[in-house]
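Fold and geometry: a report
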Amino acid sequence: MQVSHTPAAVSVSFDEPNLIGSAGLVPVMELAAQAGLHQLAGGRLSVPTDKGANAGAKVAALVAGMCTGADSIDDMAVLRHGAMKRVFGGCYAPSTLGSFLREFTFGHVRQLDAVASRFLVNLAGRAPLLGRTGAAGADPGFVYVDVDDTIIEVHGYQKQGSGYGYSGVRGLNALLATASTQTAAPVILGQRLRRGSVGSPRGASRLAGDSLAILKRLVPAAGARVLVRADSAFYGHATVAAALTAGAEVSVTVKMDKAVKAAIAGIDEKAWTGIRYPQAIFDEDTGTWISKAEVAEVPFTAFTSRKKTERIPGRLVVRRIPELNPQDTNQPTLFDTHRFHAFFTTTDPEVLDTVTADQTHRGHAVIEQVNADLKDSALAHLPSGHFGANGAWLVCAVMAYNLTRTAGTLAAGEFARARTGTIRARLVNLPARIASSARRIRIRLPQAWPWQQGFERLFTAVHPPPQPA
């Protein structure tokens, strides 16, 4: 592609009052209004002083800015260009929103958590966020709840709570719980912002319990089987017991302690089964995989150091991979040695056999995509030196994520499972010209927009045409 005019024949001017750069905010924020975001935030937040006035409108403004990709308070200026004030109310200045956030204490962040959970439930009433459980695939209709934490890097010593965690970088720790199915992309059930140096499992049992309670209120999840997945940092009695108490099953990576090593050593050599893995070959005659990676399982009781009533019976599923010569991967070893990866699960072997349980547990990696998606948008930065403000920023980022996911679900097609960054680029940050006639607003969009059908499906879902009398 080449510019059709010479540089001297091209000029620019920022003087068109009827243009907006994010026309997709019109259906997205109408969806937020229908899900009760303004009323929920306005009714539950008690942020003090005049800076906390109109809390519902200010939270909605923060969420709107994040839906366009804003990752700092200054980026909220995107709400105040062109004809935005003709289409939206409550287009606050970045300084106003920053002052609002800095008034948040821990209690106010928890109030905002309550807003986020109820907002998600209302969104689920507008769109099938968890798709259809029981679809064909590796699992018999599970809803997966994945728990994980991530470090959000910060710079400077004035960030309250920042510190060096397991990643070795200075930051704050965000703990997340997501829900997904085989047919639907993840949504975020719960979130907590913690000090950067905090241990991963701290508060995880509370978050897991709260998230599972929220999941029960989502319409598509009614009666579905729930599987909580987590890595070895969350292998502890508190988190596992909280999940089981809430009626879920667990699939948690275990730490290689003496009990686990002894259980692995007791697995019969004939019990190992090849699985689909990189460089695996499928043998059509035997109907099995010929693979370097193999799995096996053994009955296992977790937390045997605790009293008998707190011990949890289940299965230990183990995957082993040959330990290759690190200097030359083509040179065979003198005798076979393996690397082992084991996880503890309470699922019924008739529902998830050994191979399927391993495949299902590996699906826990989906939460890493959520972490990356958030850090590609609102969580690229934590914009304030005030811990309470950053906690509120995280909750607003989660609401923006869930709102964008809902918009993608309503747009259907390629957007049903697309990254939120893709939805922003193709459906939200869409330039348009505002025209008005007879007290009606018409949004004039680019002709031959490649993703026109998806936008029209989203717009029609929240702006249905008048019904005949």
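Report follows, based on the coordinates. (Residues numbered from 1 in each chain as written. Predicted model: local features only at pLDDT ≥ 70, side-chain atom pairs only at ≥ 80, totals over all residues. Heavy atoms only, no water.)

Here's the deal with empty space enclosed by the protein
In total, this model carries three cavities of 30 Å³ or more according to the counting rule given. A volume near 70 Å³ is recorded for the largest cavity. In terms of lining, the largest cavity is formed by Met66, Asp373, Leu374, Ser377, Ala378, Ala397, Ala400, Tyr401, Thr404, Thr420 and Arg424. Of all the elements in the fold, those that place two or more residues in the lining of the largest cavity are helix H11 (366–375), helix H12 (387–411) and helix H13 (420–428). Here the lining of the largest cavity takes four residues from H12, the largest share from any one element. Looking at side-chain class alone, the lining of the largest cavity contains six nonpolar, three polar and two charged residues. (1 Å grid on protein atoms, 1.4 Å probe; cavity = no way out; pocket = protein on both sides within 12 Å on 5 of 7 lines; lining within 4 Å. Points joined across faces, edges and corners; volume = space filled by probe spheres on them. Helix = DSSP H or I, 4+ residues; strand = E, 2+ residues; numbered from the N terminus. Nonpolar A, V, L, I, M, F, W, Y, C, P; charged D, E, K, R; others polar.)

A look at the environment of Gly42
The residue Gly42 is located in helix H2 (residues 37–44) in this model. In this structure the C-alpha to C-alpha distance between Gly42 and Gly56, which are 14 residues apart in sequence, comes to 4.1 Å.

Brief notes about the pairing of strand E4 (residues 170–181)
Along E4, 12 of the 12 residues are buried, which leaves the element largely enclosed by surrounding structure. Sheet topology places strand E2 (residues 142–153) next to E4; 10 bridges connect them, and they run antiparallel. Residue Ile152 lies in a different strand from E4, and its bridge partner there is Leu172. Where strand E3 (residues 163–164) meets E4, two bridges bridge the pair, whose relative direction is antiparallel. Along E4, the bridge assignment pairs Tyr164 with Arg170. Where E3 folds back on E4, the antiparallel hairpin that results is connected by five residues, among which Gly168 adopts a positive phi of roughly 85 degrees. Taken together, the eight bridges between E4 and strand E5 (residues 184–194) define a ladder with antiparallel strand orientation. (Buried < 20%, exposed > 50% of the residue type's maximum accessible area, 1.4 Å probe, protein only. Pairing = 2+ DSSP bridges.)

Focus: the layout of surface pockets
The volume enclosed by the largest pocket comes to roughly 710 Å³. Arg442, Ile443, Leu445, Phe455 and Phe459 are the residues nearest the centre of the largest pocket, which is lined by 20 residues in total. Elements with a contribution of two residues or more to the lining of the largest pocket: strand E15 (440–444) and helix H14 (452–462). Residue composition of the lining of the largest pocket, grouped by class: 12 nonpolar, four polar and four charged. Elements with a minimum of two residues in the lining of the second largest pocket: helix H6 (106–126), E5, helix H7 (204–217) and H12. In terms of residue count, H12 provides more of the lining of the second largest pocket than any other element does, five residues in total. Within the lining of the second largest pocket, the residues separate by chemical class into eight nonpolar, five polar and eight charged.

Let's talk about the nonpolar core
Core analysis: the biggest nonpolar cluster contains 127 residues, and Val59, Leu112, Leu215, Leu316, Trp393, Met399 and Leu403 have the highest contact counts within it. In terms of residue count, the dominant contributor to this core is H12 (15 residues). Beyond its immediate stretch of four places on either side in the chain, Val59 contacts Leu37, Ala41, Leu45, Phe100, Leu112, Cys396 and Met399. Tyr144, Phe343, Leu352 and Ala357 belong to the second-largest nonpolar core, a separate cluster that totals seven residues. (Core = buried A, V, L, I, M, F, W, Y, C linked by side-chain atoms within 4.5 Å. Contact = heavy atoms within 4.5 Å.)

Looking at the pattern of salt bridges
Going through the model one piece at a time under the given rule, you end up with 16 salt bridges. Across the salt bridge formed by Arg229 and Asp146, the nearest N and O atoms sit 2.8 Å from each other. Here Arg229 is found in strand E6 (residues 225–230), whereas its partner Asp146 is found in strand E2, with 83 residues between them in sequence. Judged on exposure class, the residue Arg229 and its partner Asp146 are both buried. Here Arg315 ties to Glu297 by a salt bridge, and the two come within 2.7 Å at their closest N and O atoms. Of this pair, Arg315 sits in strand E12 (residues 312–322) while Glu297 sits in strand E11 (residues 294–302), and the two are 18 residues apart along the sequence. (Salt bridge = Lys/Arg side-chain N within 4 Å of Asp/Glu carboxyl O.)

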